Amino acid sequence: MATIIPKTSAVLTSLLRADFTTQWRNRRAVMLTLIVPIIILTSWKGLISIVGGPFVLANSITIGLFASGLMGYANAVARDRDKGIFQRLRVAPVPFWAIMASRLLVQLAMILIITTAVFVIGKEYDGITLSPVAYVFTYFTAIIGGAVSLSLGQMVVGWIKNPETINSTTRLIYLAFIMVGMFGELNKLGETMDDAVQWSPYGAVKTILSTSMEPDKWTSHASMALLVTLVYIIIFTTTGIKWFKWNTK
Amino acid sequence: MNQQEANILTVDGLNVSYGNFQAVQNISFDVRKGEIFGLLGPNGAGKTSTLSAIEGLLKPDSGTVTVDGYNSIEKPLHARASLGVQLQSTSFQPELFVIEVLQLYAGVYGLSLSKDDILAILRDINLEDQAFKKFGQLSGGQQQRVSLVISTIHNPKLVLLDEPTTGLDPQSRRQLWERIEAIREKGHAVLLTTHSMEEAESVCDRIAIIDHGKIIAIDTPQAIIDKHRDDPEVISVSRRGKITLEDVFIALTGKAVRA
């Protein structure tokens, strides 16, 4: 009897079903991912007249993306690697890329959910509306921004094996991004620090998001920020894949 | 049928190392169609490394692994499609129900099974009532049954079981032996690793004893006992007058406890 290799589409469908079910059963964690951006969105209502709606929306989306990609993705991969879930899948006739592609597609859905939630609450509670083109453009840049946070998460799980250490490391990075990123936006940390924040992963993602909400105001600074995000994605992904081990032993 | 055709697995000159440590050294053996083959050895002898190389989980330094005629390096998906695998510490997504885990693995092996099909599979192993429990909520014996049924869900030609009865009570262990023999009766071959000499004597048609990454004996359990029963080392470690496989194993691999 000839050996039958399952179709990649069928394999991917099965993996996606399982990964989306897993994400759905972890919906409490998903809600927690949404809480911080929504708190910022609602508590900064009074700032909108000063800094503008796009600034508030962009900060909220950026924080949501880093919460989901950096903490959610990295910790889920760390846990599954530690439990041997990846090893069990790898002994099946599954292309290795399909295992990670399924995870990334779930994360893509998360990026769209976070962005949509911020848009909806921004409109309903804060009264922030964008042009239809700006919404489309922002979804596009949110995916790029999400890729930065996912690749950073990938680099952390590639660099560190212990799941508890990964958990604490991602929380520290997340906290550092929020604190330094937000204060840096206020231009109160000095010129050098302000520059560092502006071109940090947080700052670059925030810049492309806020500018994409006003596409007619797209500047060379925004183009440079987009280029920087792409460089971050390449560096983080390359090192994250190079260092990544499928098991912790 | 020539010898090559009679083999479902051929391992030839396999070498595996971790840095400077040579875990597997030039190992060669084959598993024939319809046989249960046991790989025995102390902790750290190289059993799991050998199995991992066969499963495609690690790339050997040199040597070849051929599964059902497919070279595992050149045709990894074909080789893995011919294998059913139960890892030493298998874990499935803790959020999924047992029925969903089976659905996932049926899918990744290219099977389209309905919910009723999967419930029938669970009924066969007396776990239909556990279908909507999460894997972690099952007892050790139940988890082993689920794990074993997943490893054979696609009707593989060779089933690899890494210490399948570790931690099971005697009833569960006997039941698992019966299931392993049932796999053979369906025409599949089984390659298992074990620390249990009783298991090797009861279940395996042939065994290989591996130590420090090398095969030091390979034959039927009885033939290995007969070959070494008069060795002074074997007689000196014998505890009850009657020479057992364990006596031979201890004499060949030494009394020192391995880490």
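One can find the structure itself at the top, above this paragraph.
Residues numbered from 1 in each chain as written. Chains lettered and ligands numbered in written order. Predicted model: local features only at pLDDT ≥ 70, side-chain atom pairs only at ≥ 80, totals over all residues. Heavy atoms only, no water.

1. As for the overall build of chain B
Let me state the cut-off plainly: Helix and strand assignments come from DSSP, with helices taken as H or I runs of at least 4 residues and strands as E runs of at least 2, each series counted from the N terminus. In this description the radius of gyration comes from C-alpha coordinates, and the expected globular size is given by 2.2 Å times residues to the power 0.38. Buried, partly exposed and exposed residues are distinguished by accessible area as a fraction of the type maximum, computed with a 1.4 Å probe on protein chains only: under 20%, between the cut-offs, and over 50%, respectively. Throughout, the Shrake-Rupley method with a 1.4 Å probe supplies accessible areas, and for residues the shown protein chains are the sole cover considered.
From N to C terminus, chain B includes 11 helices and 10 strands. For a compact globule of 259 residues, the expected C-alpha radius of gyration is about 18 Å, and chain B comes in at 19 Å, within 12% of that figure. Viewed in the frame of its principal axes, chain B has a C-alpha envelope of about 60 × 45 × 40 Å. Here chain B holds 259 residues, and 54% of them are scored as buried. Within the structure as shown, chain B displays about 11500 Å² of accessible surface, and the carbon and sulfur contribution to it stands at 46%.

2. A short note on the sheet that holds strand E5 (residues 70-71) of chain B
Residue and element names in this part refer to chain B. Convention followed: When DSSP locates at least two bridges between a pair of strands, those strands are taken to pair. Residue contacts are defined here by distance: any two heavy atoms, one from each residue, within 4.5 Å place the two residues in contact. Here an angle of 0 to 180 degrees is reported between the N-to-C directions of two axes, which are lines fitted to C-alpha atoms, with helices fitted over the stretch in contact.
What the 4 strands build is an open sheet, ordered E2-E1-E4-E5; its pairing is antiparallel. Both outer strands of the open sheet, strand E2 (21-32) and E5, are each paired with one neighbouring strand and no more. Both strand E1 (residues 7-18) and strand E4 (residues 62-67) contribute to a ladder of 5 bridges, which runs antiparallel. Pairing of Thr10 across the sheet is with Thr66, part of E4. Across the face of the sheet, helix H2 (residues 47-55) comes into contact with E1, E2 and E4 while running at roughly 115° to E1.

3. Quick look at the interface of chain B and chain A
The extent of an interface is frequently quoted as the accessible surface area lost upon association of the parts. What counts is decided by this rule: Two parts placed together each lose some accessible area under a 1.4 Å probe, and adding up what both lose gives the buried area. Should a side-chain nitrogen of Lys or Arg be within 4 Å of a carboxyl oxygen of Asp or Glu, the pair is scored as a salt bridge. Identification of polar contacts relies on pairs of N or O atoms within 3.5 Å, with a donor-acceptor requirement for protein atoms, meaning one able to donate a hydrogen and the other able to accept it, and with residues adjacent in sequence counted only if both atoms are side-chain atoms.
With 31 residues of chain B in contact, the opposing surface of chain A contributes 29 residues. Around 2800 Å² of area is buried between chain B and chain A when both sides are counted, 59% of it from carbon and sulfur atoms. Residue Glu100 of chain B is joined to Arg25 of chain A by a salt bridge in which the shortest nitrogen-to-oxygen separation is 2.8 Å. The interface formed by chain B and chain A holds 8 residue pairs in polar contact (both at pLDDT 80 or more) in total.

4. Brief notes about the pattern of salt bridges
Residue and element names in this part refer to chain B. Within this structure, the stated rule accounts for 15 salt bridges over all chains. The salt bridge involving Glu35 is made with Arg206; its shortest N-O contact spans 2.8 Å. With Glu35 in the loop between E2 and strand E3 (36-40) and Arg206 in strand E9 (residues 206-211), this residue pair connects regions lying 171 residues apart in the sequence. Like Arg206, Glu35 is buried.

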